[in-house]
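Each chain, written out:
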Amino acid sequence: MYLNGVASKKITYDAIVIGSGISGGYAAKELCEAGLKTLVLERGRDVKHIQDYPTAMTDPWDLPHHGKLPQEVIDENPIVKRCYAFDEATQHFFVRDKEHPYIQEKPFDWIRGYQVGGKSLLWARQTQRWSDYEFEAPARDGFAVDWPIRYADLAPWYSKVEKFVGISGNKDGIKSLPDGEFLPAWELNCLEKHIQKSVKENYANRHVIIGRCAHLTKPNPIHLAQGRGQCQARHLCYRGCPFGGYFSSNSATLPWAAKTGNLTLRPHSVVHSIIYDEQKGKAKGVRVVDSETKEVMEFYAKIIFVNAATLNTNLILLNSTSNRFQQGLGNDNGLLGKYVAFHNYRGSGGATFEGFEDQYYLGRRPTTAFMPSFRNLEKQEMDFQRGYMVAFSASRAGWQQDINQPTFGEDYKAKATNVGPWGVFIMMQGETVPREENHLRLSTDKKDAWGVPQLITSIGYDAENDEKMMKDFHQQATEMLEKAGCKNIYMSDSKQAPGLDIHEMGGVRMGKDPKTSLLNKFNQLHTCKNVFVTDGACMTSVGNQNPSLTFMALTARAVNHAVAEMKKGSL
Ligand SMILES: Cc1cc2nc3c(=O)[nH]c(=O)nc-3n(C[C@H](O)[C@H](O)[C@H](O)COP(=O)(O)OP(=O)(O)OC[C@H]3O[C@@H](n4cnc5c(N)ncnc54)[C@H](O)[C@@H]3O)c2cc1C
C-alpha cells in the first residue's frame, strides 16, 4: 500500500519521536515549535490532562481500600509493588509485572509507566542542574569516557527548559549545584532550619537547601498560557494534577506542541525497530506494532528522536538490525547496551527531636531539604569514587491511630487533634560508576506479546564502591543528626535492587570517539546521524542529581542542532 504516493505521503513526517514521556514530550514541543511536522509514537494509551486523572479529586474514604492495595494486586506484582508511589490511587499509571515481562539476570526492579506522558505523571519532580564536577568526572577519575560537553554547553538549555517547566528554588550560590531560573522557593520548616544552621556551623563545605522542584509556586505568564495554575500543596501529584501545578508532558509539552498544529500523537504504537536505508546510509523510519490490533506498519521521517526511556531505547536500538548494522543500530563498537549505571538509594535513616513543640507547618510541601554532594569534589579524597546527595525532611507524627482502640468518642477526638513529636527522615542519592559488565541485551528466544524480543537486564552494585559510599553516608548522617541534637538515631540499608531508584541511565553513551561511544556531542548516533537519543540512555555517567531536567536540556539542545542541520540540508 505504501507504493501509492499519496498513502506514502500520509505516513511521512519531518520528525518522529519515540515515546511521549519527559524527554519525548520535550522533543515534540521543540520540534513542533520549529515548524516540523512531528509524529509522536507512544506504546501506551492516551492520557488527557485532567479528564484522564480518575482519582485526582478522590478522598481516601471514597477509594475502595482507602488507598491501600488489595493483597491480590500485591501478590501479582512483586516488582512494581516495591515502588513507594504505587498504591490504589495511582496504580493505573504503572506497568503491571505480568503484562510486560523481562529477564533479570541479576535482580533489577524495572519501574515503568506506559501511557501518553510516560513517567512524567509519576515522577517526584526534584530537579537539579549538573555542574562541571559531574561533566569532568569521568576524565578526572578515569572511568567511562570523557563527556563531549561541559556545563557551559548545557547552561543556556537548562535555562530555557526551566523557564517553560517552572522550577521553584532559591539561588543558593553553590558551585556544585548551579543556580537556575527559579520561581519562589518552598520553605524549610523549623526543625529543618535548625539542622541547616547546625550543618553550617559545623561543616565548611556542606550546604542545606530547600529542594528545587518542578512545581508552580507562582506561575509566570508562560505557565498560565499552558493552562496551568499554582500548586495547591495537596501532594496528590502521582494521581495527575488537575491544576497543572507540577510539570508533566500531559499538562505542558504535549498540549503546547499540539497547539502549533504540527503534532500527530499516535498512542497504542509499540515501536519495534528503526528502519535503516542501506542506499542512503541513514534511518528512514520506524516499524510499529499497533498494541491493540497487532497490525505492523511503518512510518517515515527525515529525523528520529528515540525517547522511550533508557532501557526501552536500548532495546529498540539493539532490535534495529540491518545488513549494515547487524548487532543493532549504530553499534559498530559493540558497546550498545553496556555501561548502564543508576543511583544508589540504599542508605537511609531517621531520628527524633525534642523541642519546637509549639511549632507546625502548613500544607503538604512537595519537596524536601537537600544537601548537594560534598565528597570527592575538588579531588579524590575518600576510599570510594564519586559522591552522594543527602535529602532529609522533618515532620511531626500525628493522627496515627492504634487500630486496637475505638475510632470514636472523646478520647479519640482528643488524640486526633494533637500532633506528636518531631521526627527526621534522611536518605542518600549516590552516584554509581558505569561499568562494562552492567549491560542490557536481547533474549534470543523469548518475545513479548507484540513480537519484540524481551530485554535481559544484567546490572548490579559494585560491592566495594557502592557499599563504602553507603557506609560513609551512614556515618556522616549520624554525625550531622547528632550535632543537631537529634535522638534515637538509626541507619538502615534497604538492600534494594538497582532499578528501584528509577534513575537508570546509559547504554548509548555520548563521547568524542566513535570507537568508544555511540553518540556525538549533539546526541546523534556517530554512524547514523539522523537518529538522536536524548533520554537517559545517552548519559555517559550519572552524577548524583535527579536526572530528568538534564534529559530535557539535552533534548532541547539536540533539537536545536537537528533543525539547524536540516535547514543546511545536511540531514
Ligand atoms: C515514582 C518516581 C519518582 C521519580 N522521581 C524523580 C525525580 O524526583 N526527579 C527526576 O529527575 N526523575 C524522577 N523520576 C524519573 C523520571 O520519571 C524519569 O527520569 C523520566 O520520566 C524519564 O523520561 P523519559 O522521557 O526518558 O521516559 P518516560 O517518561 O518513562 O517516557 C518514556 C515513554 O516511552 C514509551 N515507550 C517505551 N517503549 C516504547 C516503544 N517501544 N514504542 C513506543 N513508545 C515506547 C513509554 O510508554 C513512555 O510513555 C521518578 C520516577 C518515578 C516513577
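All residue numbers refer to positions counted from 1 along the written sequence of the respective chain. Local features are withheld for residues below a pLDDT of 70 in this predicted model, meaning they are given only at 70 or higher, and side-chain atom pairs are given and counted only at 80 or more; totals for whole chains, interfaces and linings count all residues. The side-chain quantities take in all heavy atoms of the structure and omit both hydrogens and water.

1. A word on the layout of surface pockets
Logical step 1: Using protein atoms alone on a 1 Å grid, points that fit a 1.4 Å probe yet trap it form a cavity, whereas open point sets bounded by protein on both sides within 12 Å along at least five of seven lines form a pocket; residues with an atom within 4 Å of a point count as lining. Grid points are joined across faces, edges and corners, and a volume is the space filled by probe spheres set on the points. Its volume calculated, the second largest pocket comes out at about 290 Å³.
Logical step 2: Here the term charged refers only to Asp, Glu, Lys and Arg, the term nonpolar to Ala, Val, Leu, Ile, Met, Phe, Trp, Tyr, Cys and Pro, and the term polar to all other amino acids, Gly among them. Looking at the lining of the second largest pocket residue by residue, the classes come out as six nonpolar, seven polar and five charged.

2. Side note on the UniProt feature "domain: Glucose-methanol-choline oxidoreductase N-terminal" (unreviewed entry) in the protein
Logical step 1: Per the UniProt record, the feature "domain: Glucose-methanol-choline oxidoreductase N-terminal" (unreviewed entry) sits at residues 110-322.
Logical step 2: Note on conventions: DSSP H or I runs of at least 4 residues are helices, E runs of at least 2 residues are strands, and numbering of each starts at the N terminus. Between the C-alpha atoms that bound residues 110-322 the distance is 28 Å, and the span itself is 29% helix and 18% strand. UniProt positions are given in the numbering used here, feature names are shortened, and annotations may be inferred rather than shown by experiment.

3. A word on the packing of aromatic side chains
Logical step 1: Paired rings are identified among Phe, Tyr and Trp, the last through its six-membered ring, by centres lying within 6.5 Å, and are further divided according to the angle between planes into stacked (under 30 degrees), edge-to-face (over 60) and tilted (the rest). Per the counting criterion, the structure on display carries 19 aromatic pairs.
Logical step 2: Relative to F356, the ring of F353 lies with its centre 5.6 Å away and its plane at 20 degrees, an arrangement referred to as stacked.
Logical step 3: Residue F356 is classed as partly exposed on the basis of its relative accessible area of 25%.
Logical step 4: Members of the aromatic cluster, connected to one another through ring pairs, are Y26, F164 and W256.
Logical step 5: Any Lys NZ or Arg CZ that is within 6 Å of a ring centre and within 35 degrees of that ring's normal is treated as a charge sitting over the ring. Sitting above the plane of the Y238 ring, R125 keeps its charged end 5.3 Å from the centroid.
Logical step 6: The ring of F325 has R324 sitting right over it, with the charged end atom 4.1 Å from the ring centre. We call a residue buried when its accessible area falls under 20% of the maximum for its residue type, exposed when it is over 50%, and partly exposed in between, using a 1.4 Å probe and counting protein chains only.

4. Regarding unusual backbone geometry
Logical step 1: One non-glycine residue with positive phi stands out, namely I50, at about 75 degrees.
Logical step 2: Within the secondary structure, I50 sits in the loop between β2 (38-41) and α3 (71-76).
Logical step 3: A residue is classified by how much of its surface remains accessible, and I50, at 45% relative accessible area, is partly exposed.
Logical step 4: In this structure, A309 is a non-glycine residue whose phi angle is positive, near 80 degrees.
Logical step 5: With respect to the helices and strands, the residue A309 is situated in the loop between β10 (296-306) and α10 (310-318).

5. Structural notes on the packing of helix α2 (residues 22-33) against helix α9 (residues 249-259)
Two quantities define a packed helix pair, namely the angle between the helix axes and the distance between the axes.
Logical step 1: All axes are obtained by fitting lines to C-alpha atoms, using only the stretch in contact for helices, and the reported angles, taken between N-to-C directions, cover 0 to 180 degrees. Two elements in contact, α2 and α9, have axes whose closest approach is 7 Å; the angle formed by their N-to-C orientations is 25 degrees. Classified by the interaxial angle, the pair formed by α2 and α9 is roughly parallel. Two packed elements cross with a definite hand, and for α2 against α9 that hand is left-handed. Here α2 contributes I22, G25, Y26, A28, K29, C32 and E33 to the contact with α9, which in turn contributes S249, T253, L254, W256 and A257.
Logical step 2: Residues that form the contact of α2 with α9 fall into these classes: seven nonpolar, three polar and two charged. Roughly parallel covers angles under 35 degrees, roughly antiparallel covers those over 145, roughly perpendicular covers 65 to 115, and oblique covers all other angles. Note: crossing handedness is left-handed where the near helix turns anticlockwise from the far helix by less than a right angle, and right-handed where it turns clockwise. Throughout, a residue-residue contact means that at least one pair of heavy atoms, one from each residue, lies within 4.5 Å.

6. Remarks on the pattern of salt bridges
Logical step 1: Salt bridge criterion: a side-chain nitrogen from Lys or Arg within 4 Å of a carboxyl oxygen from Asp or Glu. By the definition in use, this model includes 32 salt bridges.
Logical step 2: For R140, the salt bridge goes to D141, with nearest N and O atoms at 2.7 Å.
Logical step 3: Here R140 falls in the partly exposed class, since its relative accessible area comes to 36%.
Logical step 4: In this structure, the salt-bridge partner of E298 is R287, at a minimum N-O distance of 3.8 Å. With a gap of eleven residues between them, E298 in strand β10 and R287 in strand β9 (residues 282-290) connect regions that are remote in the sequence.

7. Things to note about the UniProt feature "domain: Glucose-methanol-choline oxidoreductase C-terminal" (unreviewed entry) in the protein
Logical step 1: With numbering matched to this structure, UniProt assigns "domain: Glucose-methanol-choline oxidoreductase C-terminal" (unreviewed entry) to residues 434-554.
Logical step 2: Taken end to end, residues 434-554 is 23% helix and 27% strand, and its first and last C-alpha atoms sit 20 Å apart.

8. Examining empty space enclosed by the protein
Logical step 1: Applying the stated rule across the entire model yields four cavities of 30 Å³ or more.
Logical step 2: Within this model, the largest cavity holds a volume of roughly 90 Å³.
Logical step 3: Together, 14 residues line the largest cavity, and C231, R234, H235, C237 and C241 are the ones closest to its centre.
Logical step 4: Split into classes, the residues belonging to the lining of the largest cavity amount to eight nonpolar, four polar and two charged.

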